[in-house]
Amino acid sequence: MSTLLGRRARPFLPAVRTLHERVRFCSRCASVWEARSGQDGERAAERVCPACGMGVLLSASSDALPGEGAAFVIATDDLRVSAVSKAAERLFGVPEPELIGTRLLRLMTSPEGDDELALRVSRAAYGTRAVRPIQIRLLLGQRPAFARLDARIASCGPPRGALVALEPLAASLP
Ligand SMILES: [Zn+2]
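These numbers come from a predicted model, not from an experiment. (Residues numbered from 1 in each chain as written. Predicted model: local features only at pLDDT ≥ 70, side-chain atom pairs only at ≥ 80, totals over all residues. Heavy atoms only, no water.)

1. As for the environment of Arg137
Turning to step 1, where the next piece is worked out: Inspection of the secondary structure puts Arg137 in strand β7 (residues 132-138).
Turning to step 2, where the next piece is worked out: For Arg137, a relative accessible area of 23% gives the class partly exposed.
Turning to step 3, where the next piece is worked out: Sequence separation between Arg137 and Met108 is 29 residues; the distance between their C-alpha atoms is 5.5 Å. (Helix = DSSP H or I, 4+ residues; strand = E, 2+ residues; numbered from the N terminus. Buried < 20%, exposed > 50% of the residue type's maximum accessible area, 1.4 Å probe, protein only.)

2. Regarding the confidence of the model for the chain
Turning to step 1, where the next piece is worked out: Counting all residues, the mean pLDDT for the chain is 83, and 75% of those residues have values of 70 or more.
Turning to step 2, where the next piece is worked out: Here residues 1-6 scores under 50 on pLDDT; set against residues more than four positions off or in separate chains, the count is 0 contacts. (pLDDT = per-residue confidence, 0-100. Contact = heavy atoms within 4.5 Å.)

3. A look at the environment of Glu21
Turning to step 1, where the next piece is worked out: The topology assignment puts Glu21 in the segment before β1 (22-26).
Turning to step 2, where the next piece is worked out: Given a relative accessible area of 16%, Glu21 falls into the buried group.
Turning to step 3, where the next piece is worked out: Taking the C-alpha atoms as reference points, Glu21 and Asp63, 42 residues apart in sequence, are found 7.8 Å from one another.

4. Digging into the coordination of the zinc ion
Turning to step 1, where the next piece is worked out: On the protein side, the zinc ion has Cys26 (SG), Cys29 (SG), Cys49 (SG) and Cys52 (SG) as donor atoms, found 2.2 to 2.3 Å from it.
Turning to step 2, where the next piece is worked out: Coordination at the zinc ion is tetrahedral: its 4 donor atoms span angles of 102 to 114° at the metal.
Turning to step 3, where the next piece is worked out: Taken in chain order, the donor set of the zinc ion reads C-x2-C-x19-C-x2-C. Pair noted here: Cys29 is in the loop between β1 and β2 (32-34) and Cys52 is in the loop between α1 (40-43) and β3 (57-61), with a separation of 23 residues, a long-range link. (Donors = N, O, S within 2.8 Å, 3.2 Å for Na, K, Ca; no water. Tetrahedral: all angles 85-135°; square planar, octahedral: opposite > 155°, others 65-115°.)

Right under this line is the structure:
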């Protein structure tokens, strides 16, 4: 029997993922890879995205991301935006450089309460392993302000931050 059959050598992640696996994803184009076991820590310093050459590769729980090319924002523990994916940039209608450093609560609000949103984001930025869903409304962009989106909040890094991933829009349209 070939030992190759038993090894997982998939370069790209299939649509169905195993829960609680770690994945690596690009902070910019949101390409997703399986995390390589082993030397991940040592490789963390040099990790420009091979797909777009612009973003850095970050690690997160596989259930934190809705999929390839996802719309997401990464925030620091003081709730400021540190990265915006291309898809989220389109959603907000504002280029990423203008969003960096902005307070997250200027980009989105939550019907569950901004305090709750802030709490979940700061917990994720401090490294909690939980992936927490929350409903949000965008405060920027062309979508009507009343439209609710499902978001997932999870820890990512390094450097450690909170990943706020928005579910694919098609799923949330009325
Ligand atoms: Zn990329």
